[in-house]
Amino acid sequence: MKRININTAKPAQPQTKIMIIYTGGTFGMAHDANGVLVPFDFSLILEHLPTLRNLSLDLTVISFDTPIDSSNILPEHWQQIAQLIYENYGEQDGFVVLHGTDTMSYTASALSFMLQGLKKPVVFTGAQLPISETRSDARENLITSLEIAAAKKMGNAVVPEVCIYFGDELLRGNRSKKVESMHFDAFESENYPSLAKAGVSIDFNENAIHRTEAMLTLHNKINSSVAILKLFPGLTESVVKSITETQGVQAIVMETYGSGNAPTSQWLLDLLKQAIDRGTIIVNISQCTGGMVVQGKYQTSKKLQEIGVLSGGDMTTEAAITKLMVLLGEYNLNETKAKIVKSIAGELTE
Ligand code: ASP
């Protein structure tokens, strides 16, 4: 990891300390001498973003040695980011993580479960257009994320949680989904209101912001023995079997229809029941981005309830899968079952 310091704070003002963790993604691309897009050198950020000087912040920038496209993000990277935040928590006022947009919702969800008891902001952002491009959204996204990470009210952070700032909205990380690959408003949170909207001023939705009295704890063990099973009309028995009977899979997120409905075919129920009887956790998450799973509302979900499929309520798939990975890293199957249906960091309406 490379570390640089950029202090734009005016001498007479109190120093607000923000750590930027630069992991890669489109945000940091710039044209090299041959016109090819390559990750840019963060020590040149003031050249790309001179208005940074107006913010008056003491910035520490930690860059991954090799910035990566977020399609290549692994749980090891989540662990590195969580560890960095945990180790620097005492001396920093807030954190901004620059990350590719493709898997940003997964990383932000994972971090919300790995850093429980947060009282300081961890703001994820990125860009749809590289910072070197004239119309890039990178500059506005970074400046506003830094302002959000630095925002305090009566000495306390205004947004003490893991969130994503993108295209003028601040969303809870574990409620977000990437929904757009071309326009600037790339993320949505159908089941939870925005935490802030940035216009002429940044309007915080204070009632929606998660606050906790708990001490910060790091949950840095990840167990990736999980799978996602997405239902579709015509899904075959052999495909379902290949997932439910894979050696070592301890938990499955099953993406169902509407309010948690699935075909009532006996072979499907039998395969799910056999997996549950072998100890596999199956969590029901809807393919709809809005609304929630209500098992038993229709005949087509009542059976799932009866065989022991757990309702994921209004969690996103990104939140459910990363939460399972964090819980399985630390707890046994029964404890994981009990905890997956309860909110840890505001990812679920109970
Ligand atoms: N493929 C890029 C990434 O996720 C896209 C982006 O950053 O927006 O790293």
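Relevant structure appears above.
Note that the coordinates shown come from a computational prediction; the quantities given were computed from them, not determined experimentally.

Once that is clear, we can look at the packing of aromatic side chains. With the rule as written, the count across this model stands at 4 aromatic pairs. Here the aromatic rings of Tyr22 and Phe40 are separated by 6.1 Å at their centres, their planes lie at 75 degrees, and the arrangement is edge-to-face. Placement of Tyr22 in strand β2 (residues 17-24) and of Phe40 in the loop between β4 (37-39) and α1 (45-48) is noted, with a sequence separation of 18 residues between them. Residue Tyr22 shares its accessibility class with Phe40, and that shared class is buried. Accessibility expressed as a relative area gives 7% for Phe40, which makes it buried. Taken together, the ring pairs connect Tyr22, Phe40 and Phe42 into an aromatic cluster. Seen from the ring of Tyr89, Lys120 lies directly overhead, with NZ or CZ sitting 4.9 Å from the centre.

Moving on to the sheet that holds strand β20 (residues 281-286). The 4 strands lie next to each other as β18-β19-β20-β21, forming an open sheet whose pairing is parallel. Pairing within the sheet leaves two strands with one partner each, and these edge strands are β18 (226-230) and β21 (310-311). The pairing of β20 with β21 spans 2 bridges and is parallel. Across the sheet, Val283 pairs through a bridge with Leu310, a residue of β21. Docked against the sheet, helix α5 (residues 237-244) engages β18 and β19 (251-256), running at close to 160 degrees with respect to β18.

Looking now at helix α6 (residues 266-277). In an α-helix there are 3.6 residues to a turn, and that puts residues three or four apart on one side. In this model α6 runs 16 Å from its N-terminal to its C-terminal C-alpha over 12 residues, within 8% of the 16 Å that 1.5 Å per residue would give. Within α6, the full set of buried residues consists of Leu268, Leu269, Leu271, Leu272, Ala275 and Ile276. Along the axis of α6, the buried residues cluster in a sector spanning 160 degrees; they form a single face. Turned more than 90 degrees away from the buried face of α6, the exposed residues are Gln266 and Asp277. Buried positions along α6 lie against β18, α5, β19, β20 and α7 (299-307). At the exit of α6 stands Gly279, carrying a positive phi of roughly 105 degrees.

This part is about the site of the ligand. The local shell around the ligand consists of Gly25, Thr26, Asp69, Ser70, Gly100, Thr101, Asp102, Ala127 and Gln128. Thr26 is positioned such that a nitrogen or oxygen atom in its backbone is 2.9 Å from an oxygen atom of the ligand. The contact in question runs from a nitrogen atom of the ligand to an N or O atom on the side chain of Asp69, over 2.9 Å. Its free accessible area being 270 Å², the ligand has 88% of it covered by the protein chains.

Here the focus is the sheet that holds β2. Spatial ordering of the open sheet is given by β1-β5-β2-β6-β8-β11-β12-β15-β16, a layout of 9 strands whose pairing is mixed. A strand with exactly one partner marks an edge of an open sheet, and here the two such strands are β1 (2-7) and β16 (202-204). Across the sheet, the mean angle separating the axes of adjacent strands is 20 degrees when strand polarity is ignored. Of the strand pairs in this sheet, strand β15 (residues 196-198) and β16 are connected by 3 bridges, and their pairing is antiparallel.

Time to look at the pairing of strand β8 (residues 122-125). Where burial is concerned, the two faces of β8 agree: the one with Val122 and Phe124 and the one with Val123 and Thr125 are both buried. Summarising the sheet, strand β6 (residues 94-98) and β8 pair through 4 bridges and their orientation is parallel. Residue pairing in the sheet places Val96 in a bridge with Val123 of β8. Across 3 bridges, β8 lies against strand β11 (residues 162-166) in parallel orientation. The residue bridging Val123 from the neighbouring strand is Cys163, located in β11.

This brings us to the side chain of Glu347. With respect to the secondary-structure elements, Glu347 resides in the segment after α9 (333-340). Overall, Glu347 belongs to the buried group, its relative accessible area being 0%. Within polar-contact distance, the side chain of Glu347 engages the backbone nitrogen of Ala345 at 2.7 Å.

Criteria and cut-off values
- Residues numbered from 1 in each chain as written.
- Predicted model: local features only at pLDDT ≥ 70, side-chain atom pairs only at ≥ 80, totals over all residues.
- Heavy atoms only, no water.
- Phe/Tyr/Trp six-rings, centres within 6.5 Å; stacked < 30°, edge-to-face > 60°.
- Helix = DSSP H or I, 4+ residues; strand = E, 2+ residues; numbered from the N terminus.
- Buried < 20%, exposed > 50% of the residue type's maximum accessible area, 1.4 Å probe, protein only.
- Lys NZ or Arg CZ within 6 Å of the ring centre and 35° of its normal.
- Pairing = 2+ DSSP bridges.
- Contact = heavy atoms within 4.5 Å.
- Axes fitted to C-alpha atoms, helices over the stretch in contact; angles between N-to-C directions.
- Expected span 1.5 Å × (residues − 1).
- Arc of directions from axis to C-beta.
- Near = heavy atom within 4 Å.
- Polar contact = N/O pair within 3.5 Å; in protein donor to acceptor, adjacent residues only side chain to side chain.
- Areas by Shrake-Rupley, 256 points an atom, 1.4 Å probe, with all protein chains shown as cover.

Interpretation note: all reported values are geometric properties and have no functional meaning in isolation.
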